[in-house]
Amino acid sequence: MKTLMIGLLAALVCAPLAAQEEKPAEPGLKVGDEAADLEIGNWINTPAVPRFSDLRGDVILLKSWGIN
Amino acid sequence: MNELHKEYGPKGLHVFTLYCQAHPLAQIEELVAKHKIEYPIALDGTWADNYPAQSLPQVWVIGVDGKIIFKGAKGYDEVIEKELAKVKYPGLGRDKVASEVEPAAKAFAKKQFAEAVKLATAVAEGDFNETAQADAQYILERVETRVRALLRHAEMAEVQKDYATCEAVLKLLAGAYKGCEDTEDAAERLKKLAQDKDAQKEIAARRALLIGMRDLDWGAGDLDLNDPKVMAEFRKKCIAFFDKLVKDHAGTAAAETAKGYADYHREQLKAEGK
(Lines give C-alpha, C1' and ligand atoms only; values in the text may rest on other atoms or scores of the structure.)
Protein backbone atom coordinates (compact mmCIF):
# COMPACT_ATOMS: atom_id res chain seq x y z
CA MET A 1 0.00 0.00 0.00
CA LYS A 2 1.37 3.37 -0.94
CA THR A 3 0.74 5.51 2.09
CA LEU A 4 0.42 9.22 1.90
CA MET A 5 3.65 11.12 2.13
CA ILE A 6 2.42 14.46 0.91
CA GLY A 7 1.76 15.85 4.39
CA LEU A 8 5.30 15.00 5.24
CA LEU A 9 6.35 16.23 1.83
CA ALA A 10 4.94 19.61 2.68
CA ALA A 11 6.44 19.62 6.14
CA LEU A 12 9.84 18.14 5.46
CA VAL A 13 9.98 18.64 1.71
CA CYS A 14 10.09 15.18 0.25
CA ALA A 15 11.83 13.41 3.11
CA PRO A 16 11.99 9.67 2.49
CA LEU A 17 8.88 7.65 3.13
CA ALA A 18 11.05 4.97 4.68
CA ALA A 19 12.14 7.40 7.34
CA GLN A 20 8.51 8.02 8.25
CA GLU A 21 7.79 4.31 8.49
CA GLU A 22 10.72 3.72 10.80
CA LYS A 23 9.37 6.16 13.38
CA PRO A 24 7.67 4.58 16.38
CA ALA A 25 3.94 4.41 15.85
CA GLU A 26 2.09 7.31 17.44
CA PRO A 27 -0.90 6.07 19.38
CA GLY A 28 -2.87 9.22 18.67
CA LEU A 29 -6.01 10.31 20.46
CA LYS A 30 -8.00 7.75 22.36
CA VAL A 31 -11.64 7.39 23.34
CA GLY A 32 -12.36 9.94 26.05
CA ASP A 33 -9.74 12.41 24.81
CA GLU A 34 -10.69 15.92 23.75
CA ALA A 35 -10.76 16.00 19.95
CA ALA A 36 -7.98 17.99 18.29
CA ASP A 37 -8.48 20.21 15.28
CA LEU A 38 -7.06 19.36 11.88
CA GLU A 39 -4.36 21.36 10.13
CA ILE A 40 -5.13 20.80 6.48
CA GLY A 41 -3.38 22.20 3.43
CA ASN A 42 -5.68 21.14 0.62
CA TRP A 43 -9.19 19.77 0.45
CA ILE A 44 -11.60 18.35 -2.07
CA ASN A 45 -15.02 19.81 -1.18
CA THR A 46 -13.43 22.42 1.06
CA PRO A 47 -15.40 22.87 4.29
CA ALA A 48 -16.41 26.31 5.49
CA VAL A 49 -16.22 25.46 9.17
CA PRO A 50 -12.84 26.42 10.57
CA ARG A 51 -12.55 24.25 13.68
CA PHE A 52 -14.05 21.16 15.29
CA SER A 53 -14.64 23.27 18.38
CA ASP A 54 -17.10 25.34 16.31
CA LEU A 55 -19.17 22.18 15.91
CA ARG A 56 -19.51 21.50 19.64
CA GLY A 57 -22.99 20.15 20.32
CA ASP A 58 -23.04 18.19 17.06
CA VAL A 59 -21.46 14.86 16.12
CA ILE A 60 -18.36 14.53 13.95
CA LEU A 61 -17.32 11.51 11.93
CA LEU A 62 -13.67 11.51 10.91
CA LYS A 63 -12.45 8.77 8.65
CA SER A 64 -9.02 7.91 7.25
CA TRP A 65 -9.28 6.09 3.96
CA GLY A 66 -7.76 5.36 0.58
CA ILE A 67 -8.66 3.77 -2.72
CA ASN A 68 -7.08 0.40 -1.92
CA MET B 1 -20.12 7.59 3.86
CA ASN B 2 -22.17 9.53 1.33
CA GLU B 3 -25.31 7.96 2.78
CA LEU B 4 -24.30 8.88 6.32
CA HIS B 5 -23.48 12.42 5.19
CA LYS B 6 -26.83 12.83 3.45
CA GLU B 7 -29.04 11.04 5.94
CA TYR B 8 -27.50 12.31 9.16
CA GLY B 9 -26.09 15.66 8.03
CA PRO B 10 -29.39 17.47 8.64
CA LYS B 11 -29.56 15.76 12.03
CA GLY B 12 -26.23 17.15 13.20
CA LEU B 13 -23.54 14.87 11.77
CA HIS B 14 -20.47 16.42 10.13
CA VAL B 15 -18.38 14.08 7.99
CA PHE B 16 -14.69 14.78 7.33
CA THR B 17 -12.31 12.36 5.71
CA LEU B 18 -8.54 12.16 5.54
CA TYR B 19 -7.13 10.75 2.32
CA CYS B 20 -4.17 8.68 3.45
CA GLN B 21 -2.72 7.24 0.28
CA ALA B 22 -0.41 8.70 -2.32
CA HIS B 23 -2.60 8.47 -5.40
CA PRO B 24 -2.44 11.19 -8.04
CA LEU B 25 -5.05 13.90 -7.64
CA ALA B 26 -6.82 12.98 -10.90
CA GLN B 27 -7.43 9.46 -9.62
CA ILE B 28 -8.98 10.72 -6.40
CA GLU B 29 -11.08 13.33 -8.22
CA GLU B 30 -12.33 10.65 -10.59
CA LEU B 31 -13.48 8.61 -7.60
CA VAL B 32 -15.14 11.67 -6.06
CA ALA B 33 -17.00 12.40 -9.30
CA LYS B 34 -17.99 8.76 -9.85
CA HIS B 35 -19.49 8.42 -6.37
CA LYS B 36 -20.72 12.01 -6.21
CA ILE B 37 -18.95 12.50 -2.90
CA GLU B 38 -20.01 15.74 -1.25
CA TYR B 39 -18.24 15.57 2.10
CA PRO B 40 -14.81 17.18 2.60
CA ILE B 41 -11.71 15.13 1.84
CA ALA B 42 -8.42 16.35 3.29
CA LEU B 43 -5.54 15.71 0.92
CA ASP B 44 -2.61 16.81 3.02
CA GLY B 45 -1.89 18.20 6.41
CA THR B 46 -0.46 17.35 9.78
CA TRP B 47 -3.03 15.05 11.31
CA ALA B 48 -0.89 11.95 11.85
CA ASP B 49 0.05 12.70 15.46
CA ASN B 50 -3.54 12.95 16.66
CA TYR B 51 -5.29 10.76 14.13
CA PRO B 52 -2.81 8.13 12.94
CA ALA B 53 -4.11 5.36 10.69
CA GLN B 54 -2.16 2.17 11.22
CA SER B 55 -4.54 0.54 8.76
CA LEU B 56 -7.35 1.78 6.56
CA PRO B 57 -10.10 2.60 7.11
CA GLN B 58 -9.86 4.11 10.57
CA VAL B 59 -12.75 6.03 12.08
CA TRP B 60 -13.05 8.45 14.96
CA VAL B 61 -16.41 9.71 16.21
CA ILE B 62 -16.46 12.93 18.19
CA GLY B 63 -19.44 13.35 20.46
CA VAL B 64 -21.54 16.35 21.39
CA ASP B 65 -19.17 17.23 24.24
CA GLY B 66 -16.19 17.46 21.87
CA LYS B 67 -14.61 14.23 23.08
CA ILE B 68 -13.76 11.12 21.12
CA ILE B 69 -16.39 8.48 21.73
CA PHE B 70 -15.33 5.89 19.14
CA LYS B 71 -12.10 4.81 17.52
CA GLY B 72 -11.94 1.81 15.24
CA ALA B 73 -12.94 0.46 11.87
CA LYS B 74 -16.40 -1.04 12.33
CA GLY B 75 -19.49 -0.48 14.40
CA TYR B 76 -19.49 3.30 14.33
CA ASP B 77 -22.96 3.59 12.75
CA GLU B 78 -24.63 2.59 16.00
CA VAL B 79 -22.46 4.96 18.02
CA ILE B 80 -23.38 7.82 15.69
CA GLU B 81 -27.09 7.07 15.85
CA LYS B 82 -26.99 6.94 19.65
CA GLU B 83 -25.05 10.21 19.90
CA LEU B 84 -27.23 11.98 17.35
CA ALA B 85 -30.25 11.18 19.52
CA LYS B 86 -28.81 13.78 21.92
CA VAL B 87 -28.87 16.46 19.23
CA LYS B 88 -32.27 18.10 19.15
CA TYR B 89 -31.25 21.28 17.34
CA PRO B 90 -28.19 20.67 15.12
CA GLY B 91 -25.60 23.40 15.46
CA LEU B 92 -27.29 25.09 18.37
CA GLY B 93 -25.09 23.57 21.05
CA ARG B 94 -27.96 22.84 23.45
CA ASP B 95 -30.90 20.49 23.39
CA LYS B 96 -33.42 22.45 25.42
CA VAL B 97 -34.95 25.88 24.97
CA ALA B 98 -38.04 27.55 26.38
CA SER B 99 -41.17 26.61 24.43
CA GLU B 100 -41.55 30.20 23.18
CA VAL B 101 -38.13 29.94 21.55
CA GLU B 102 -38.63 26.54 19.94
CA PRO B 103 -39.63 27.96 16.52
CA ALA B 104 -36.37 29.96 16.44
CA ALA B 105 -34.36 26.90 17.52
CA LYS B 106 -36.00 24.81 14.82
CA ALA B 107 -35.23 27.44 12.18
CA PHE B 108 -31.63 27.49 13.40
CA ALA B 109 -31.46 23.70 13.15
CA LYS B 110 -32.67 23.90 9.55
CA LYS B 111 -29.92 26.45 8.84
CA GLN B 112 -32.51 29.17 8.28
CA PHE B 113 -30.44 31.59 10.29
CA ALA B 114 -32.09 34.86 9.28
CA GLU B 115 -35.47 33.39 10.21
CA ALA B 116 -34.02 32.16 13.50
CA VAL B 117 -32.77 35.68 14.24
CA LYS B 118 -36.14 37.17 13.37
CA LEU B 119 -38.04 34.74 15.61
CA ALA B 120 -35.54 34.99 18.46
CA THR B 121 -35.54 38.79 18.29
CA ALA B 122 -39.32 38.83 18.63
CA VAL B 123 -39.03 36.86 21.87
CA ALA B 124 -35.99 38.76 23.17
CA GLU B 125 -37.72 42.08 22.67
CA GLY B 126 -41.22 40.93 23.53
CA ASP B 127 -43.16 40.49 26.71
CA PHE B 128 -41.88 37.06 27.70
CA ASN B 129 -40.44 35.52 30.84
CA GLU B 130 -36.72 35.73 31.65
CA THR B 131 -35.96 32.14 30.65
CA ALA B 132 -37.49 32.58 27.22
CA GLN B 133 -35.68 35.87 26.71
CA ALA B 134 -32.37 34.36 27.82
CA ASP B 135 -32.82 31.45 25.41
CA ALA B 136 -33.73 33.84 22.60
CA GLN B 137 -30.65 35.87 23.39
CA TYR B 138 -28.57 32.68 23.30
CA ILE B 139 -29.75 31.97 19.74
CA LEU B 140 -29.04 35.55 18.65
CA GLU B 141 -25.54 35.35 20.11
CA ARG B 142 -24.98 31.93 18.56
CA VAL B 143 -25.74 33.28 15.09
CA GLU B 144 -23.67 36.41 15.69
CA THR B 145 -20.70 34.38 16.97
CA ARG B 146 -20.86 32.06 14.00
CA VAL B 147 -21.04 34.91 11.50
CA ARG B 148 -18.09 36.64 13.17
CA ALA B 149 -16.07 33.39 13.14
CA LEU B 150 -16.87 32.80 9.48
CA LEU B 151 -15.98 36.36 8.48
CA ARG B 152 -12.69 36.02 10.33
CA HIS B 153 -12.07 32.67 8.67
CA ALA B 154 -12.76 34.14 5.21
CA GLU B 155 -10.44 37.07 5.86
CA MET B 156 -7.66 34.83 7.14
CA ALA B 157 -8.02 32.55 4.13
CA GLU B 158 -7.88 35.54 1.79
CA VAL B 159 -4.71 36.85 3.44
CA GLN B 160 -3.16 33.40 3.11
CA LYS B 161 -4.38 33.27 -0.50
CA ASP B 162 -6.32 30.11 0.30
CA TYR B 163 -9.12 31.10 -2.06
CA ALA B 164 -10.85 27.71 -2.00
CA THR B 165 -11.52 28.13 1.71
CA CYS B 166 -12.43 31.77 1.25
CA GLU B 167 -14.94 30.79 -1.44
CA ALA B 168 -16.48 28.02 0.71
CA VAL B 169 -16.97 30.40 3.63
CA LEU B 170 -18.41 33.19 1.51
CA LYS B 171 -20.82 30.72 -0.10
CA LEU B 172 -22.06 29.73 3.33
CA LEU B 173 -22.41 33.36 4.42
CA ALA B 174 -24.21 34.28 1.20
CA GLY B 175 -26.40 31.19 1.43
CA ALA B 176 -27.52 29.87 4.80
CA TYR B 177 -26.63 33.13 6.59
CA LYS B 178 -28.17 35.42 3.97
CA GLY B 179 -30.15 38.15 5.67
CA CYS B 180 -28.12 38.04 8.88
CA GLU B 181 -26.23 41.10 10.07
CA ASP B 182 -22.75 41.60 8.54
CA THR B 183 -23.35 39.12 5.72
CA GLU B 184 -24.74 41.70 3.29
CA ASP B 185 -21.64 41.88 1.10
CA ALA B 186 -20.81 38.14 1.08
CA ALA B 187 -22.47 37.52 -2.30
CA GLU B 188 -20.68 40.51 -3.83
CA ARG B 189 -17.33 39.38 -2.42
CA LEU B 190 -17.96 35.92 -3.83
CA LYS B 191 -18.67 37.39 -7.25
CA LYS B 192 -15.53 39.52 -7.11
CA LEU B 193 -13.47 36.54 -6.07
CA ALA B 194 -14.66 34.60 -9.11
CA GLN B 195 -13.64 37.53 -11.34
CA ASP B 196 -10.37 38.31 -9.58
CA LYS B 197 -7.60 37.34 -11.98
CA ASP B 198 -4.94 37.20 -9.26
CA ALA B 199 -7.12 34.91 -7.16
CA GLN B 200 -7.77 32.63 -10.13
CA LYS B 201 -4.04 32.64 -10.92
CA GLU B 202 -3.33 31.64 -7.33
CA ILE B 203 -5.93 28.87 -7.43
CA ALA B 204 -4.36 27.50 -10.62
CA ALA B 205 -0.86 27.68 -9.12
CA ARG B 206 -1.93 26.00 -5.92
CA ARG B 207 -3.61 23.23 -7.88
CA ALA B 208 -0.53 22.74 -10.07
CA LEU B 209 1.61 22.49 -6.93
CA LEU B 210 -0.77 19.97 -5.37
CA ILE B 211 -0.92 17.84 -8.53
CA GLY B 212 2.85 17.87 -8.91
CA MET B 213 3.54 17.04 -5.28
CA ARG B 214 1.10 14.18 -5.31
CA ASP B 215 2.70 12.86 -8.50
CA LEU B 216 6.13 13.06 -6.89
CA ASP B 217 4.75 11.33 -3.84
CA TRP B 218 3.16 8.61 -5.97
CA GLY B 219 6.40 8.07 -7.86
CA ALA B 220 8.45 7.98 -4.66
CA GLY B 221 6.43 5.05 -3.34
CA ASP B 222 8.29 2.63 -5.61
CA LEU B 223 11.74 4.06 -4.95
CA ASP B 224 14.34 2.93 -2.46
CA LEU B 225 15.03 6.35 -1.01
CA ASN B 226 17.51 4.88 1.44
CA ASP B 227 19.81 4.46 -1.55
CA PRO B 228 21.74 7.77 -1.76
CA LYS B 229 21.85 7.67 -5.57
CA VAL B 230 18.13 7.08 -5.85
CA MET B 231 17.49 9.82 -3.31
CA ALA B 232 19.70 12.24 -5.23
CA GLU B 233 17.81 11.53 -8.45
CA PHE B 234 14.52 11.99 -6.64
CA ARG B 235 15.66 15.32 -5.23
CA LYS B 236 16.73 16.47 -8.71
CA LYS B 237 13.33 15.51 -10.04
CA CYS B 238 11.69 17.50 -7.24
CA ILE B 239 13.91 20.51 -7.95
CA ALA B 240 13.05 20.37 -11.67
CA PHE B 241 9.34 20.32 -10.88
CA PHE B 242 9.48 23.09 -8.29
CA ASP B 243 11.68 25.29 -10.48
CA LYS B 244 9.23 24.92 -13.37
CA LEU B 245 6.33 25.83 -11.13
CA VAL B 246 8.18 28.92 -9.87
CA LYS B 247 8.66 29.99 -13.50
CA ASP B 248 5.17 29.10 -14.75
CA HIS B 249 3.34 30.65 -11.80
CA ALA B 250 5.60 33.55 -10.92
CA GLY B 251 4.18 36.03 -8.44
CA THR B 252 1.92 33.58 -6.63
CA ALA B 253 2.16 32.33 -3.06
CA ALA B 254 2.28 28.77 -4.43
CA ALA B 255 5.39 29.70 -6.44
CA GLU B 256 6.99 31.04 -3.25
CA THR B 257 6.21 27.77 -1.52
CA ALA B 258 7.68 25.84 -4.46
CA LYS B 259 10.80 28.00 -4.35
CA GLY B 260 11.27 27.12 -0.69
CA TYR B 261 10.97 23.42 -1.51
CA ALA B 262 13.43 23.67 -4.41
CA ASP B 263 15.94 25.51 -2.20
CA TYR B 264 15.57 22.89 0.48
CA HIS B 265 16.35 20.08 -1.95
CA ARG B 266 19.37 21.95 -3.31
CA GLU B 267 20.70 22.36 0.21
CA GLN B 268 20.13 18.69 0.93
CA LEU B 269 21.84 17.63 -2.27
CA LYS B 270 24.81 19.78 -1.32
CA ALA B 271 24.86 18.38 2.21
CA GLU B 272 24.65 14.87 0.83
CA GLY B 273 27.60 15.58 -1.45
CA LYS B 274 25.61 15.25 -4.65
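Presented here is a report on the structure given in the accompanying data block. (Residues numbered from 1 in each chain as written. Chains lettered and ligands numbered in written order. Predicted model: local features only at pLDDT ≥ 70, side-chain atom pairs only at ≥ 80, totals over all residues. Heavy atoms only, no water.)

### Here we look at the nonpolar core
Residue and element names in this part refer to chain B.
- Grouped together as the largest cluster of nonpolar side chains are 37 residues, with contacts concentrated most on Val 101, Ile 139, Leu 170, Leu 173 and Tyr 177.
- Tallying contributions element by element places helix H6 (residues 130-159) first for this core, with 10 residues.
- In terms of nonpolar packing, the next biggest core, distinct from the first, is built from 25 residues, Ile 37, Ile 41, Phe 70 and Leu 210 among them. (Core = buried A, V, L, I, M, F, W, Y, C linked by side-chain atoms within 4.5 Å. Buried < 20%, exposed > 50% of the residue type's maximum accessible area, 1.4 Å probe, protein only. Helix = DSSP H or I, 4+ residues; strand = E, 2+ residues; numbered from the N terminus.)

### Brief notes about helix H10 (residues 228-248) of chain B
Residue and element names in this part refer to chain B.
- For H10, built from 21 residues, the straight-helix expectation of 30 Å at 1.5 Å per residue is met to within 8% by its first-to-last C-alpha distance of 30 Å.
- Those residues of H10 lying buried are Met 231, Ala 232, Phe 234, Arg 235, Cys 238, Ile 239, Phe 242 and Leu 245. Here the buried residues of H10 occupy an arc of 160° about the axis, which is enough to place them on one side. Of the exposed residues in H10, the ones pointing more than 90 degrees away from its buried face are Lys 229, Lys 237, Lys 244 and Lys 247. (Expected span 1.5 Å × (residues − 1). Arc of directions from axis to C-beta.)

### Concerning the sheet that holds strand S3 (residues 58-62) of chain B
- Strand order across the open sheet formed by 6 strands is S1(A)-S2(B)-S1(B)-S2(A)-S3(B)-S4(B), with mixed pairing between neighbours. Only two strands of the sheet have a single neighbouring strand rather than two, namely strand S1 (40-44) of chain A together with strand S4 (68-72) of chain B. Shown here is a sheet whose adjacent strand axes are inclined to one another by a mean of 20°, direction ignored.
- Two elements, strand S2 (residues 59-65) of chain A and S3 of chain B, share 5 bridges in a ladder whose sense is antiparallel. Along S3 of chain B, the bridge assignment pairs Ile 60 of chain A with Ile 62 of chain B.
- Running at roughly 45° to S1 of chain A, helix H2 (residues 25-34) of chain B makes contact with S1 and S2 of chain A together with strand S1 (13-19) and strand S2 (41-45) of chain B of the sheet.
- Packing against the sheet, helix H3 (residues 76-84) of chain B makes contact with S2 of chain A together with S1, S3 and S4 of chain B, and its axis sits at approximately 160° to S2 of chain A. (Pairing = 2+ DSSP bridges. Axes fitted to C-alpha atoms, helices over the stretch in contact; angles between N-to-C directions. Contact = heavy atoms within 4.5 Å.)

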